[in-house]
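# Structural description and commentary
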Amino acid sequence: MVSPHRVTVWSLVILLAGGVIGWATAVVTRPPQQVAAEANFVLVSAENGEVGQSMSTVVTARWPARRVAVNQSTGTVTRLLVTRGEQVDAGDVLYRVDERPVVVLKGAVPAFRTLSAGVVGADVAQLTRFLAAKNYLDAATSTYSPAVQRAVRAWQRSMGVEQTGRLNRGDVVFVKSLPVRMALDPRFAVGALLSAGAPAIEALSSAPTFTAQYSDFQSKQISEGMPVEINSRSSRWSGALGVPSVAADGTVTAAVVPTDDDALCGKQCKEVPLRGTLQMKGTTEVQKTLRGVVVPSAALVTDSDGSTAVITADGQRSRVAVRGRARGMAVIDGLAAGTAVRVPGQ
């Protein structure tokens, strides 16, 4: 007969053995969840390199024109004496109507009446300032005096027209600022019939304008002030992006402006045609090229205090300063080249 004491001992041994086997089975069959979580990354070496981004765009150049006066002569255009873009100054003849010259003079008040003896006004003062500058008159005046009549006759004689001593409404065109680069309306043509009040007389701006166009995707990456390089037929011009705007059709455009007081095209503006537009290739620098230690942007983590860090191979957080990012890469300070950093895996 087995003693109760021996039964108890063997029972305890069996229980202990079963517990060990069960623990071992649990360890072997349990999924290694924590190990997998810790290994869910790849190591990438930080290396010296460069990061930058640019995008191509189409830049359109044109000479804008503004209205500076309106024809006041009536009759048939017999001669055009200026070409588009030609610079004119006070006293220059723009065109002839019924062979009578139409002269440009400086003044803010448009020609609206015949100037003759006894007339007083700002338009008379504008005329006499020109006559005095050309030594036909001793001094400018706002009164159409006998001295002004004599000066007008002398001026008319120099132009080879009838010496009436008066100025008809259509004989002059007053322009607020001179000299200007003239741009006559296409309706000014030899043989065309003109009437007072039409067509407009335009002047070109001092420099052409440049406009860059972007796709919807590109527009999300651009901002005011970004550098833009334009390649024309034989020149390369550099400027900066103006404020982007969205047209009614969804097109995103932005002016390309000079970075100094000179025209964007400098002394090569003649490459832009005086009529129509010129389309050129442009390159917008979205991210200036930076050189230094480069890591994938995915390796960067942001701490609760807003600082940026990378996690090194041993799991330590190392603070860094980001100098720039582009195309999934970042240039950083504060980390030695060759350091392995963790990048989250898929």
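In this report, we go over the structure that sits alongside the text. Being a predicted model, the structure only gives us computed values, none of them experimental.

Turning our attention to the pairing of strand β19 (residues 308–311). Here strand β18 (residues 300–302) runs beside β19; their pairing, made up of three bridges, is antiparallel. Bridge pairing links Thr 302 to Thr 308 in β19. Between the antiparallel neighbours β18 and β19 lie five residues, among them Gly 306 with a positive phi of about 90 degrees. Bridge count between β19 and strand β20 (residues 317–326): four bridges; the pairing is antiparallel. Of the residues in β20, the one forming a bridge with Thr 308 is Val 320. From the end of β19 to the start of β20, which pair antiparallel, there are five residues, and Gly 315 there has a positive phi angle of about 90 degrees.

This part takes up the state of the cysteines. In this structure the tally under the stated criterion is one disulfide. There is a disulfide in this structure between Cys 265 and Cys 269, and the S-S distance comes to 1.9 Å. Residues Cys 265 and Cys 269 are joined through a disulfide that is right-handed, its torsion about the S-S bond being 90 degrees. Judged by its relative accessible area of 9%, Cys 269 falls in the buried class.

The terminal C-alpha atoms of helix α4 (residues 146–159) lie 20 Å apart, and with 14 residues this matches the ideal 20 Å at 1.5 Å per residue to within 8%. When we look at burial in α4, the residues that qualify are Val 148, Ala 151, Val 152, Trp 155 and Gln 156. Taken down its axis, α4 places every buried residue within 140 degrees of arc, on the same side. Turned more than 90 degrees off the buried face of α4, the exposed positions are Pro 146 and Arg 150. Here the buried face of α4 lies against β7 (100–106), α3 (122–133) and β8 (172–175). Of the residues trailing α4, Gly 160 is marked for its positive phi of about 75 degrees.

Right, let's talk about the side chain of Thr 308 for a bit. With respect to the helices, strands and loops of the structure, Thr 308 is situated in strand β19. If we ignore the near neighbours within four places in the chain, the residues touching Thr 308 are Leu 300, Val 301, Ser 318, Arg 319, Val 320 and Val 322.

Moving on: the sheet that holds strand β10 (residues 193–194). What the five strands build is an open sheet, ordered β8-β7-β6-β4-β10; its pairing is mixed. Looking at strand neighbours, the two that pair on one side only are β8 and β10, the edges of this open sheet. In the sheet, strand β4 (residues 75–80) pairs with strand β6 (residues 93–97) via three bridges, with the strands oriented antiparallel. Each bridged residue has a counterpart across the sheet, and for Arg 79 the counterpart in β6 is Arg 96. Along the sheet, α4 contacts β6, β7 and β8; its crossing angle with β7, the most-contacted strand, is approximately 125 degrees.

Now for the pattern of salt bridges. In this structure the tally under the stated criterion is 10 salt bridges. Between Glu 50 and Arg 291 there is a salt bridge, and its shortest N-O distance comes to 3.1 Å. Remark: Arg 291 occurs in strand β17 (residues 277–296) and Glu 50 occurs in strand β2 (residues 47–62); sequence separation between them is 241 residues. Given the relative accessible area of 48%, Glu 50 is considered partly exposed. A salt bridge links Asp 123 to Arg 113, with the nearest nitrogen and oxygen atoms 2.8 Å apart. Taken as a pair, Asp 123 in helix α3 and Arg 113 in the loop between β7 and α3 lie far apart in primary sequence, 10 residues in all.

We now examine the environment of Ser 206. The topology assignment puts Ser 206 in the loop between β11 (200–204) and β12 (209–214). Residues Ser 206 and Val 180 lie 26 residues apart in sequence; the distance between their C-alpha atoms is 8.1 Å.

In summary, soluble globular proteins display a tendency toward joint burial of nonpolar side chains. Within the largest apolar cluster, 24 residues are counted, with the highest numbers of intra-cluster contacts made by Phe 210, Tyr 214, Ile 230, Trp 237, Leu 241, Val 256 and Met 280. Among the secondary structure elements, those contributing two or more residues to this core are β2, β12, β13 (227–231), β14 (236–241), β16 (252–257) and β17. Ignoring anything within four residues of it in the chain, the contact list for Met 280 reads Thr 57, Val 58, Val 59, Ala 61, Phe 210, Ile 230, Asn 231, Ser 232 and Trp 237.

Another point: the sheet that holds β11. Across the sheet, which stays open at both edges, the four strands sit in the order β3-β11-β9-β5 with antiparallel pairing between neighbours. On the outer flanks of this sheet lie β3 (65–70) and β5 (87–88), each paired with one strand and no other. Note: β5 against strand β9 (residues 180–184), two bridges, orientation antiparallel. Counted as the bridge partner of Gln 87 is Arg 181 from β9.

Once that is clear, we can look at α3. Taking 1.5 Å of rise per residue, the 12 residues of α3 would be expected to cover 16 Å, and the 17 Å separating its terminal C-alpha atoms lies within 8% of that figure. When we look at burial in α3, the residues that qualify are Asp 123, Val 124, Ala 125, Gln 126, Leu 127, Thr 128, Phe 130 and Leu 131. Those residues of α3 that are buried lie in contact with β7, α4 and β8. Asn 135 sits one or two positions beyond α3 and adopts a positive phi of about 70 degrees.

Here we come to the environment of Ala 46. With respect to the helices and strands, the residue Ala 46 is situated in the loop between β1 (41–45) and β2. Since its relative accessible area comes to 0%, Ala 46 is described here as buried. Residues in contact with Ala 46, not counting those within four places in the same chain, are Val 293, Val 294, Val 295, Leu 335, Ala 336, Ala 337, Gly 338 and Thr 339.

About the thresholds
Residues numbered from 1 in each chain as written. Predicted model: local features only at pLDDT ≥ 70, side-chain atom pairs only at ≥ 80, totals over all residues. Heavy atoms only, no water. Pairing = 2+ DSSP bridges. Helix = DSSP H or I, 4+ residues; strand = E, 2+ residues; numbered from the N terminus. Disulfide = S-S within 2.5 Å. Buried < 20%, exposed > 50% of the residue type's maximum accessible area, 1.4 Å probe, protein only. Expected span 1.5 Å × (residues − 1). Arc of directions from axis to C-beta. Contact = heavy atoms within 4.5 Å. Axes fitted to C-alpha atoms, helices over the stretch in contact; angles between N-to-C directions. Salt bridge = Lys/Arg side-chain N within 4 Å of Asp/Glu carboxyl O. Core = buried A, V, L, I, M, F, W, Y, C linked by side-chain atoms within 4.5 Å.

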